[in-house]
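Here are the chains, one letter per residue:
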Amino acid sequence: MEIYGRKYNVYIPSGNPTALVEGLEQDKNTRKKINDEIMRLYDNYVEQVGFVNPDINNPELFMAGGEFCGNASRSATLYYLDGKPGEIMLKVSGVEKKLRAGIDKYENVWVEMPVILGNFNKSINIINKDLSIVKMFGITHIIVKSKEFEKYYDSEEELKKISFEMIKKHNLDNEPACGVMYLETNQSDFIIHPVVYVREIDTLFYETACGSGTTAVGLYESALKRDSIDINVIQPSNEFINVRVDVENEEIKQAFISGPVKILKRWKKIII
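Residues numbered from 1 in each chain as written. Predicted model: local features only at pLDDT ≥ 70, side-chain atom pairs only at ≥ 80, totals over all residues. Heavy atoms only, no water.

Caption draft 1: Structural detail: the overall build of the protein chain. The number of helices and strands found in the protein chain is 4 helices and 18 strands. In terms of principal-axis extent, the alpha carbons of the protein chain reach across some 50 × 40 × 30 Å. Across the 272 residues that make up the protein chain, the buried fraction comes to 56%. Of all intrachain contacts in the protein chain linking residues separated by at least 6 positions in sequence, the fraction that spans at least 24 positions is 60%. (Helix = DSSP H or I, 4+ residues; strand = E, 2+ residues; numbered from the N terminus. Buried < 20%, exposed > 50% of the residue type's maximum accessible area, 1.4 Å probe, protein only. Contact = heavy atoms within 4.5 Å.)

Structure (structure tokens):
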């Protein structure tokens, strides 16, 4: 096996362990090897791996599976701004246009989300009161509201199994990435249990937090109200991600997520 010397950090965006590796990697097999080794080293504590361009003048994030990831995008934003308030334009895998991203004066890290603009019907398919499908650039999410799944929330393997069956049932297993967001609403609270599948690297995680899934919930709630929304969504980590969807004349104009991002490790080196 060849030896790859790579430096990486582990970030914790709203409780979602994310490794960022210095240096963009074009070869998908090498990305998968590095992804798998980091996950092995952390006994699957790390839930996703991305690669960042070390040139801070050209911010770019490429995920190991080529998908889009909101929390990894927020982690990359912290990397490029070195934790200081400011704003950048970030290129991210799975998305053609660059995304606005930044850190506010309260140290919340935010990123524009790659939502499909315009009429709600372009991206949101409300199948029934318990089931909807929300499409974004780079990832698609199924939103499930049925209480029949609550008994599986404490069983990670069962929830993953049921979720993957649901992904296949809706013919979404060929998407670059697909998630199932089990949504609980309790008075004014929004709580999600996110399971995410990434096809190219064949990973399936019951995630501790999910930025794109949070955005999908925001889009869904916005479609129900036919108006803008700004809500906090509680993650399995018991931390929150804020999602804001701006709507004008019943058309989606933009969406953002924001919240805290911590750093677990300072640039360790991986050799595989």
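Having seen the structure, we can now continue with the description.
Caption draft 2: Inspection of the side chain of T214 at higher detail. Along the polypeptide, T214 turns up in helix 4 (residues 211–225). The contact partners of T214, leaving out residues within four places of it in the chain, are I192, V233, Q235, I241 and V243.

Caption draft 3: Local environment of the pairing of strand 17 (residues 251–259). Note that strand 7 (residues 109–112) and strand 17 share 4 bridges and pair antiparallel. Its bridge partner being in strand 17, V109 is matched across the sheet by G259. Between strand 16 (residues 240–248) and strand 17, which follow one another and run antiparallel, lie 2 residues, and N249 among them has a positive phi close to 50°. (Pairing = 2+ DSSP bridges.)

Caption draft 4: Focus on the pattern of salt bridges. Applying the stated rule across the entire model yields 14 salt bridges. In this structure, the salt-bridge partner of K97 is E112, at a minimum N-O distance of 2.8 Å. One end of the pair, K97, is in the loop between strand 5 (86–92) and strand 6 (99–103); the other, E112, is in strand 7, and 15 residues separate them in sequence. According to the relative accessible area criterion, K97 is partly exposed, its value standing at 44%. The shortest N-O distance in the salt bridge between D130 and K129 comes to 3.2 Å. (Salt bridge = Lys/Arg side-chain N within 4 Å of Asp/Glu carboxyl O.)

Caption draft 5: Region of the structure containing the state of the cysteines. Enumeration according to the criterion identifies 0 disulfides in this entry. The cysteine C178 is free of any disulfide, with C210 supplying the nearest cysteine sulfur at 11 Å. A relative accessible area of 0% means that C178 is categorised as buried. C210 takes part in no disulfide bond, and the closest cysteine sulfur, belonging to C69, lies 7.0 Å away. On the accessibility criterion, C210 (3% relative accessible area) is buried. (Disulfide = S-S within 2.5 Å.)

Caption draft 6: Up close: unusual backbone geometry. Its identity is not glycine, yet N44 carries a phi of approximately 65°, on the positive side. Mapped onto the elements of the fold, N44 is located in the loop between helix 1 (28–41) and strand 3 (48–52). Positive phi, close to 55°, is recorded for D82, a residue that is not glycine. As for its position among the elements, D82 is in the loop between helix 2 (70–81) and strand 5. Classification of D82 by relative accessible area gives partly exposed; the value is 49%.

Caption draft 7: Structural context of helix 1. Under the 1.5 Å per step criterion, the end-to-end length of helix 1 is 20 Å for 14 residues, consistent within 8% with the ideal 20 Å. If you check which residues of helix 1 are buried, you get T30, R31, I34, N35, E37, I38 and M39. For helix 1, the side-chain oxygen to backbone nitrogen distance between the N-cap and N29 is 3.3 Å, and the N-cap itself is D27. Just downstream of helix 1 lies D43, where phi reads positive at about 50°. (Expected span 1.5 Å × (residues − 1). Polar contact = N/O pair within 3.5 Å; in protein donor to acceptor, adjacent residues only side chain to side chain.)

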